[in-house]
Structure formats: C-alpha cells, structure tokens
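Commentary on secondary and tertiary structure
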Amino acid sequence: MSSSKAEDSSMSESLEMDEDCDEFTTDSPHDNWSDPDSPPESSASTYVSPFTYYNGRRYHSDRFYSGSYFMPNDEVEQERLDLYHHVFTLMNDGKLTTVPFEGKGPQMVLDVGTGTGIWAIDFAGEYPEATIIGTDLSPIQPLWVPPNVTFEVNDIEEPWSYLFKRSSFDLVHIRTLSGSIKDWDALLLEALEYTKPGGYVEFQDYGCELRYCDGEVPKGTKLAEYMQLCCDASEKAGRPLNISSTIKDRMIRLGFEDVTQKKQVWPAGPWPKDKYLKDLGRFGQLCLSESLEAFCLELLTKHGGWTVADVKTYCASVKEDTRRSRGLYFEVFFVYGRRPLNPSTNNVISKTSQ
C-alpha cells in the first residue's frame, strides 16, 4: 500500500503585515524590450527558425505535435526562469531537491522541462558522479556545460520509450510545468516507469490560488481576477494551471510510496514583518512584474478572445493594484514520491488500467 507523509512546514510562519512597508514598485527592466533574435523581415523561404513568433514574443517550435508550453522562451523569459530557480532554491533552504538521498547519491537524473538548464547544471556541480539529462521543447540551454550534463530537445508528452530506457533514473525532477501538460497522471506514470525501483520523482511548483493572510482575499483584488482568467483560459486550452495541490494525492493513487509534501509561503510583495518572508516577497514582487504579461499573453489571446493591446493594458492595471496590495501570497508545493522496490507490486497502477 502506498504511504504518505505530510510535511506542510513553514505554513505556520508568521504572516503579520508590516504596516510601514513602502517598498512596492511596478518597474520592470524589460518594459520596452524587443527580441534581438526575432526573425528577419525578409520572407525568404530559406530562413528556417527553431522557434515560433507570436504577439511579439518568441516561443518553442511548432513542430511538436503534443507538447505546448504557453510561456515564451526569449531572453527576457530566460532571465525570469533563472530568477525562479533562485527563489525555489531559497524556499528549500538552499537545496536543489527535497529528496532524501543517502549513500553515494543519485547516478542518473532526468530534468523534465529543463528551461535554461540552470537546475541541471547546479545539480551536476553538487553531484559530480551523477549523469544529468535535461530535456525541453526549446534549445535555449548554454553550449558550455559540465561534462556530466547533456541537453536534449524532446517532447516529454510523447511516449518515453522513444527517448529513454525503462528503470533508468534515480531521480526525475519536474518543476514549474503547471499549465503545460494535458494529462498529469500519464506523465507521472511515465516518470514512475522510467525511474529505478527505489528511485524518486519530484514535483516543484506554486499553486495558482491567490491567498490572503487574514482570511479571504479582498473583493476586487486585481491579481485574484487575473489568476482566475488565466486558469479559465488554461482549462479551455486543455492544460490546467491549478495542478500543484493535486500532485500529492495523484502520486499516492498511482502507486508511489513514501509520498512527502512540503508547502511554503511565497508573499506577493515585501509586506510581511518576518525578515525571511519579506525577502521572499521582494522576489515575489519582481517575479510578478516580470511574468504577468508573458504568463497570460498566449492564454488570453488564443483562448480568451483578447487582443494584445487589451492584455498589455490589463496587465499594467494588475501591476499597479498589486503594488498597493498587502497580505497576498501563493503556496509553493514541494512533493516527492518513491517507486516501490518491487516493480511488480500491485499498488502501481498500469497505464492500461486507468
């Protein structure tokens, strides 16, 4: 039988507001940004791009049949991804993973949706004896990497049998992919099947439900409205954003053992009195400023009927409202589960039995 451990620590930390806080800003260094790698204006048929361009932003190639990541992959987005990497590491006490490795540590690691590859590169430095494979829809990773890291351009929603050997990995790491996957049960089962017996699958992401330190989110809060619009559009797209709070139960139901969840508070601004949470809030405010437009641009124009001008105007109003707001925060979920040591155990649900 699957076992579960709940470590919802850090949620009991003080969320008292600092009434004297006046650090809020809406400035973004990329407000007037343009992509230096945008396609040439010439319509010459010889130009072949590994990317797709939409609404003034650059996205992954449209050659993938199943995969569809709704965020851009241009330089601005890459900076945001690296910023999120720092924040998630900070929220996990400086650690790259919550998995309790023992002994010699992992030997084979898969980073699903590696993005800029920063997690894989840092993990390779921490575990130099391990081999790390990072896979993504976009070839945006650096060329110069540690010798124990390789990057591949793959669609992780295609059958893994074309990509990897079964029972290969000690760790399959999945971070910030909410809104990008059609069938999370299928993805988790693939990860389970391609993890070694006793190996781990780890999920890290924030929940899209906006919360308030004194109870219900105040009515008229623009950020709450914004998140709901994005979640509704993601449902229409068939790739739901509200997924983080479901991963623990999914893992248990699918047959993972020793499922453990840790939740962390991520303030949406530097409003807390607690110094640690205030610092997290400063990053939260910057992350919001950098991601509001990119986060909703494709969702609202493709699935919500908005124009680009509407999106830009609306995001500016959300930024301004969030600057004045206090007490808002998100929950961040760190969840891992272990593949049973006996691969034939009856508690593992097969893909054909769903």
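Up top is the structure these notes are about.
Here goes a summary of the coordinates provided. (Residues numbered from 1 in each chain as written. Predicted model: local features only at pLDDT ≥ 70, side-chain atom pairs only at ≥ 80, totals over all residues. Heavy atoms only, no water.)

Our focus in this paragraph is the overall build of the chain. Per the secondary structure count, the chain includes 7 helices and 11 strands. Of all 354 residues assigned to the chain, the portion counted as buried reaches 53%. The contacts in the chain between residues at least 6 apart in sequence include a share of 75% that link residues at least 24 apart. Element-wise, carbon and sulfur atoms account for 49% of the exposed surface of the chain, whose accessible area totals about 16200 Å². (Helix = DSSP H or I, 4+ residues; strand = E, 2+ residues; numbered from the N terminus. Buried < 20%, exposed > 50% of the residue type's maximum accessible area, 1.4 Å probe, protein only. Contact = heavy atoms within 4.5 Å. Areas by Shrake-Rupley, 256 points an atom, 1.4 Å probe, with all protein chains shown as cover.)

Turning our attention to the pattern of salt bridges. Tallied over the entire structure, the rule returns 15 salt bridges. With a shortest N-O distance of 2.4 Å, R166 and E193 are connected by a salt bridge. Taken together, the positions of R166 in the loop between β6 (149–153) and β7 (169–175) and E193 in helix α3 (residues 184–193) put the pair 27 residues apart, joining distant regions of the chain. Taking the relative accessible area as the measure of exposure, E193 reaches 21% and is therefore partly exposed. Overlapping salt bridges, with partners in common, bring together E320, D321, R323 and R324 in one network. (Salt bridge = Lys/Arg side-chain N within 4 Å of Asp/Glu carboxyl O.)

Across the 12 residues that make up strand β8 (residues 195–206), a large majority, 9, are buried. As paired elements, β7 and β8 share 6 bridges and run parallel to each other. In the strand pairing of β8, L171 is matched with Y200. With α3 bridging β7 and its parallel neighbour β8, the resulting β-α-β unit is right-handed. (Pairing = 2+ DSSP bridges. Right-handed = clockwise from strand over helix to strand, strands pointing away.)

With respect to the helices and strands, K278 occurs in helix α6 (residues 275–303). It is 9.6 Å that separates the C-alpha atoms of K278 and A268, two residues lying 10 residues apart in sequence. Among the polar contacts made by the side chain of K278, one reaches the main-chain carbonyl oxygen of P270 at a distance of 2.9 Å. (Polar contact = N/O pair within 3.5 Å; in protein donor to acceptor, adjacent residues only side chain to side chain.)

This part takes up the environment of T307. Along the chain, the position of T307 falls in the loop between α6 and α7 (308–324). Within the structure, the side chain of T307 is placed 3.0 Å from the side chain of D310, a separation counted as a polar contact.

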